[in-house]
Amino acid sequence: MAVLICEKCGGETIAFEKCSGCGKKICRKCVKSQKKLHKLDRVAICRECWGRMGKRGKFKSAR
């Protein structure tokens, strides 16, 4: 298995999520919230984007 580097904190991780606000690949520690849209689709948002109300609103209204 390949070890990937988190674009937010620089830590090593095996699995990552893509932030819906900034588009960076983030590790589990950097994820503030995530939700499941369908069986296979998930949306995640990082801690930095959670503080911006416009990006948080887009995350909460995602379908």
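Residues numbered from 1 in each chain as written. Predicted model: local features only at pLDDT ≥ 70, side-chain atom pairs only at ≥ 80, totals over all residues. Heavy atoms only, no water.

1. Considering the pattern of salt bridges
Counted under the stated rule, the structure contains four salt bridges. Its salt-bridge partner being Arg-28, residue Glu-17 comes within 3.6 Å of it at the nearest N-O pair. Taken together, the residues span a long stretch of sequence, with Glu-17 in strand E3 (residues 17-18) and Arg-28 in the loop between strand E4 (25-26) and strand E5 (31-36) at a distance of eleven residues. Of the residues examined, Glu-17 reaches a relative accessible area of 9% and is grouped as buried. (Salt bridge = Lys/Arg side-chain N within 4 Å of Asp/Glu carboxyl O. Helix = DSSP H or I, 4+ residues; strand = E, 2+ residues; numbered from the N terminus. Buried < 20%, exposed > 50% of the residue type's maximum accessible area, 1.4 Å probe, protein only.)

2. Some details on the side chain of Thr-13
The residue Thr-13 is located in strand E2 (residues 12-13) in this model. Residue class for Thr-13 comes out buried when judged on its relative accessible area of 12%. Engagement of the side chain of Thr-13 in a polar contact is seen with the backbone oxygen of Ala-15, the distance being 2.7 Å. Sequence-distant contacts of Thr-13, that is, excluding residues within four places in its chain, are made with Ala-2, Val-3, Leu-4 and Cys-27. (Polar contact = N/O pair within 3.5 Å; in protein donor to acceptor, adjacent residues only side chain to side chain. Contact = heavy atoms within 4.5 Å.)

3. Considering the nonpolar core
Counting residues in hydrophobic clusters, the biggest one holds 13 residues, and the most contacted among them are Cys-19, Ile-26 and Ile-45. Counting residues per element, the ones that place at least two in this core are strand E6 (42-46) and helix H1 (47-50). Per element, the largest residue contribution to this core is four residues, and it comes from E6. Setting aside anything within four residues of it in sequence, one finds Ile-26 in contact with Cys-6, Lys-8, Phe-16, Glu-17, Cys-19, Val-31, Ile-45 and Cys-46. (Core = buried A, V, L, I, M, F, W, Y, C linked by side-chain atoms within 4.5 Å.)

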